[in-house]
Amino acid sequence: LVLTDLKMPVMDGLTLTNEVRENYPELPVVIMTGYPSVDSAVSALRQKVADYIIKPFNINQLYKVVEEKIKESQG
């Protein structure tokens, strides 16, 4: 599982997702963002991210998403 922020200093989460897809196409990617937009959400969907979580979020929500995505990738 890759858990990434959308906005980062060197590389954004969508670029990272693209690189992950090229090397590990089945690896689930979860993007978190405090700057949600329709464009970034659509781009994330096109790259088949496992989830797009908007900050602030409840940590239990994040735990649940991570647990679900790991189980899905195993089975």
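Up top is the structure.
Residues numbered from 1 in each chain as written. Predicted model: local features only at pLDDT ≥ 70, side-chain atom pairs only at ≥ 80, totals over all residues. Heavy atoms only, no water.

### Overview of the overall build of the protein chain
Stated precisely, the cut-off is as follows: Note on conventions: DSSP H or I runs of at least 4 residues are helices, E runs of at least 2 residues are strands, and numbering of each starts at the N terminus. What makes two residues a contact is simply this: any of their non-hydrogen atoms within 4.5 Å. Reported accessibility uses the Shrake-Rupley method at a 1.4 Å probe radius. Residues are deemed covered only where the shown protein chains occlude them. Two residue types count as positive, namely Lys and Arg, and two as negative, namely Asp and Glu; His and chain ends fall outside the count. Throughout, a charge is located at the NZ atom of Lys, the CZ atom of Arg, the CG atom of Asp or the CD atom of Glu.
Each helix and strand counted, the protein chain has three helices and three strands in total. In sequence order, the secondary structure elements of the protein chain are arranged as β-α-β-α-β-α. Considering only C-alpha atoms, the protein chain reaches an extent of 30 × 30 × 20 Å along its principal axes. The long-range fraction of contacts in the protein chain, counting pairs at least 24 apart against all pairs at least 6 apart in sequence, stands at 46%. If you sum the accessible surface of the protein chain, you get close to 5100 Å²; carbon and sulfur atoms cover 54% of it. With 8 positive and 10 negative side-chain charges, the protein chain shows a spacing of 4 Å between the two charge centroids.

### Remarks on the nonpolar core
Put simply, the rule reads: Remark: nonpolar core denotes a set of buried residues (Ala, Val, Leu, Ile, Met, Phe, Trp, Tyr, Cys) joined through side-chain atoms within 4.5 Å. Classification of residues uses two cut-offs on accessible area relative to the type maximum, computed with a 1.4 Å probe and protein chains only: under 20% is buried, over 50% is exposed, and between them is partly exposed.
Listed in full, the nine residues of the largest apolar core are V2, L6, L14, V20, V29, I31, A44, V49 and Y52. Looking at this core, the elements with two or more residues in it are α1 (13-23) and β2 (29-33). When residues no more than four places from it in sequence are discounted, the contact partners of V20 are V2, P25, L27 and V29. If you look at the next biggest cluster of nonpolar residues, it comprises six residues, including M32, L62, V65 and V66.

No statement about biological role is implied by the geometric values presented.
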